[in-house]
Amino acid sequence: MDNSFKDRFTTAAPVVPQGDAFFPLPAPEKSTVFAFLLVPGFTLLAFSAAVEALRIANQLSQQPLYQWRVLSVDGEPVYSSSGIPIGVEGAIDKLPRDTGLFVCSGNPAAEAMTPAVVGAVQRHHRFGGMVGGICTGAVALARAGLLGDKAFTLHWENLPAFRTHFPDLLPKETKYEIDGRLMTCGGGSAAIDMMLDLIGRDHGEAFAAMVSEMCLRKVAVGREEEQRSSTSVLIRTRHPGLLSMVELMKSHLEDPLTMEELALTSGYSRRHIERLFMSVFGKTPGEFYRGLRLDHGRMLLSSTDLELIDVATACGYGSVGHFSRCFKARFGVAPTAYNRALGRARRTTRRG
């Protein structure tokens, strides 16, 4: 690495890279500082998206608008979910009150619920600091007792596990939420959306829009609120009856509807329902429904510590044996073997 380039990152000074595009802004009285606490398995995409939005803001304005620190629990490098280790400045310690603290997490989300991480979040919030969660980082805020009456979110993949651990909390399925001194996002590109919102509040919507353009994003700030595409986009049909039946199935995974109940609720005959599903999915309604339930079970096995009988029940199966046979038929591995493989992967991540 070129030494002159390297030297720019060995001091505590804000990073203000050179660039061709320029958006003039008044010099800030001081930089806004964020600390990113990385935990094992954190999502590299979400973390880098958040930091890059801040870097681009500095570069566009040629002003030290933002400054960031990267920390870990013990001061050691942290392995991301992609297996790439990220070096940090040091261990988490007491931060100045005007520093925003983000917990950057991924899978397993439980890594964000360790006493050291939760304690850092509680301490910083108690002394008036802003705290946030990126991807699954909201679990640290939940364990810290900060989300009771707040609007918050986390990645949609982890919602079933979150609801199991925190049944009294109601996460939103939005891309990001900013509620007072609490900020959360679902990860991925949602981290950019959240930072663009913050940048817009700090320096105006026109500047935030320019930062968005630098990210090659054409969507206006805050325009797309939901994390997931609508069912109509995912299954490539706009048939209102079929869409309503799919949504009905998804809302009855634990207590599956019979074909008669589905027909009665939807207002279609059983034969018409079967033709619809075969024409769009190439599957019978029963096969499609079973796939939804088993996919839900796989998600629960991946992200919770529920017993196998509880997972089977949550997917509408009356016995572990029946659930296991169907699970193996769909995924090629029994749920017990799948759990063992997950355990090995998680231990490897922690050792990393």
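Conventions adopted
- Residues numbered from 1 in each chain as written.
- Predicted model: local features only at pLDDT ≥ 70, side-chain atom pairs only at ≥ 80, totals over all residues.
- Heavy atoms only, no water.
- Helix = DSSP H or I, 4+ residues; strand = E, 2+ residues; numbered from the N terminus.
- Buried < 20%, exposed > 50% of the residue type's maximum accessible area, 1.4 Å probe, protein only.
- Areas by Shrake-Rupley, 256 points an atom, 1.4 Å probe, with all protein chains shown as cover.
- Phe/Tyr/Trp six-rings, centres within 6.5 Å; stacked < 30°, edge-to-face > 60°.
- Axes fitted to C-alpha atoms, helices over the stretch in contact; angles between N-to-C directions.
- Parallel < 35°, antiparallel > 145°, perpendicular 65-115°, else oblique.
- Left-handed = near helix turned anticlockwise from the far one by under 90°.
- Contact = heavy atoms within 4.5 Å.
- Salt bridge = Lys/Arg side-chain N within 4 Å of Asp/Glu carboxyl O.
- Expected span 1.5 Å × (residues − 1).
- Arc of directions from axis to C-beta.
- Pairing = 2+ DSSP bridges.
- Right-handed = clockwise from strand over helix to strand, strands pointing away.
- Polar contact = N/O pair within 3.5 Å; in protein donor to acceptor, adjacent residues only side chain to side chain.
- pLDDT = per-residue confidence, 0-100.

J.: Teacher, can you tell me more about the overall build of the protein chain here?
T.: A count of helices and strands for the protein chain gives 15 helices and nine strands. Per-residue burial over the protein chain gives 46% buried out of 352 residues. For the protein chain, the accessible area works out to roughly 17,800 Å², and carbon and sulfur atoms hold 52% of it.

J.: I keep staring at the packing of aromatic side chains and nothing clicks. Help me out?
T.: For any pair of aromatic rings, the description rests on two quantities: the centre-to-centre distance and the angle between the ring planes. Scanning the entire structure with this criterion turns up 15 aromatic pairs. Seen in terms of ring centroids, Phe 281 and Phe 288 are 4.3 Å apart; in terms of plane orientation they differ by 25°. Their pairing is stacked. Classification of Phe 288 by relative accessible area gives buried; the value is 12%. Ring centres 5.6 Å apart and planes at 65° place the aromatic pair Tyr 317 and Phe 323 in the edge-to-face group. Here Tyr 317 falls in the buried class, since its relative accessible area comes to 4%. Owing to a relative accessible area of 0%, Phe 323 belongs among the buried residues under this scheme.

J.: Honestly, the packing of helix α2 (residues 44-61) against helix α6 (residues 190-203) in this entry has me stumped. Any pointers?
T.: Each pair of packed helices can be summarised by the angle the axes make with each other and by the distance between the axes. At a minimum axis distance of 8 Å, the contact between α2 and α6 shows a crossing angle of 30°. Considering their axes alone, α2 and α6 lie roughly parallel with respect to each other. The two elements α2 and α6 meet at a crossing, and its hand is right-handed. For the pair α2 and α6, the contacting residues are Ala 46, Ala 49, Ala 50, Ala 53, Leu 54 and Ala 57 in the first and Ala 191, Ile 192, Met 195 and Ile 199 in the second.

J.: Would you mind showing me how to read the pattern of salt bridges here?
T.: Opposite charge on two side chains makes pairing possible when the charged atoms of those side chains draw close. What the rule picks out here adds up to ten salt bridges. When the shortest N-O distance is used, the salt bridge between Asp 98 and Lys 30 registers 2.8 Å. In this pair, Asp 98 sits in the loop between β5 (90-91) and β6 (99-104) while Lys 30 sits in the loop between α1 (3-7) and β1 (32-38), placing the two residues 68 residues apart along the sequence. Note on Lys 30: relative accessible area 58%, which makes it exposed. A salt bridge links Arg 201 to Asp 197, with the shortest nitrogen-to-oxygen separation between them at 2.6 Å.

J.: Mind showing me how you'd approach helix α3 (residues 115-126) here?
T.: For an α-helix the count is 3.6 residues per turn, leaving residues at separations of three or four pointing the same way. With twelve residues, α3 should reach 16 Å at 1.5 Å per residue; the first-to-last C-alpha distance of 16 Å fits that figure. Regarding α3, the residues found buried are Val 117, Val 118, Ala 120, Val 121, His 124 and His 125. Relative to the axis of α3, the buried residues are bounded by an arc of 160° and lie together on one face. Every exposed residue of α3 that faces more than 90 degrees away from the buried side is listed here: Pro 115 and Arg 126. On its buried face, α3 is in contact with β1, β6, β7 (131-134), α4 (138-143) and β9 (182-185). Positive phi appears at Gly 128, one or two residues downstream of α3, with a value of about 95°.

J.: How should I be thinking about the pairing of β1 in this particular structure?
T.: Where a strand is regular, its side chains alternate between the two sheet faces. In terms of burial, β1 is a largely internal element, six of the seven residues being buried. By the bridge criterion, six bridges tie β1 to strand β2 (residues 66-72) in an arrangement that is parallel. Its bridge partner lying in β2, Val 33 is registered against Gln 67. Taken together, β1, α2 and β2 form a β-α-β motif whose crossover is right-handed. Across six bridges, the pairing between β1 and β6 is parallel. Its bridge partner lying in β6, Phe 36 is registered against Phe 102.

J.: What is the right way to read the sheet that holds β2 from this model?
T.: Within a beta sheet, neighbouring strands are joined by backbone hydrogen bonds and run either parallel or antiparallel to one another. Reading across from one edge, β5-β2-β1-β6-β7-β9-β8 is the order of the seven strands in this open sheet, with mixed pairing throughout. The open sheet terminates on both sides in strands that have one partner only, identified here as β5 and β8 (176-179). Sitting on the sheet, α2 touches β1, β2, β6 and β7, and the angle it makes with β2 is about 155°. Across the face of the sheet, α3 comes into contact with β1, β6, β7 and β9 while running at roughly 155° to β6.

J.: Any chance you could explain the side chain of Asn 58 here in plain terms?
T.: Structurally, the position occupied by Asn 58 is in helix α2. Engagement of the side chain of Asn 58 in a polar contact is seen with the backbone oxygen of Val 15, the distance being 2.9 Å. If we skip the residues at most four places from it in the chain, Asn 58 touches Val 15, Val 16, Gln 63, Pro 64, Leu 65, Tyr 66 and Trp 68.

J.: Honestly, the confidence of the model for the protein chain in this entry has me stumped. Any pointers?
T.: Mean pLDDT over the protein chain: 87, with 88% of residues reaching 70 or higher. Confidence over residues 1-11 falls short of pLDDT 50; this stretch has five contacts with residues more than four positions distant or in other chains. Low pLDDT, under 50, characterises residues 229-234; the predicted model gives this stretch seven contacts beyond four residues in sequence or across chains.

J.: Can you walk me through unusual backbone geometry in this structure?
T.: Backbone phi values are negative for most residues with the exception of glycine, while trans is the configuration of most peptide bonds. Residue Pro 108 is reached from Asn 107 by a cis peptide bond, and omega for that bond is 0°. Position of Pro 108 relative to the elements: it lies in the loop between β6 and α3. The backbone of Gln 62 shows a phi angle near 55°, a positive value even though the residue is not glycine. Within the secondary structure layout, Gln 62 lies in the loop between α2 and β2. Note on Gln 62: relative accessible area 28%, which makes it partly exposed. In this structure, Cys 135 takes a positive phi of about 65° despite not being glycine.

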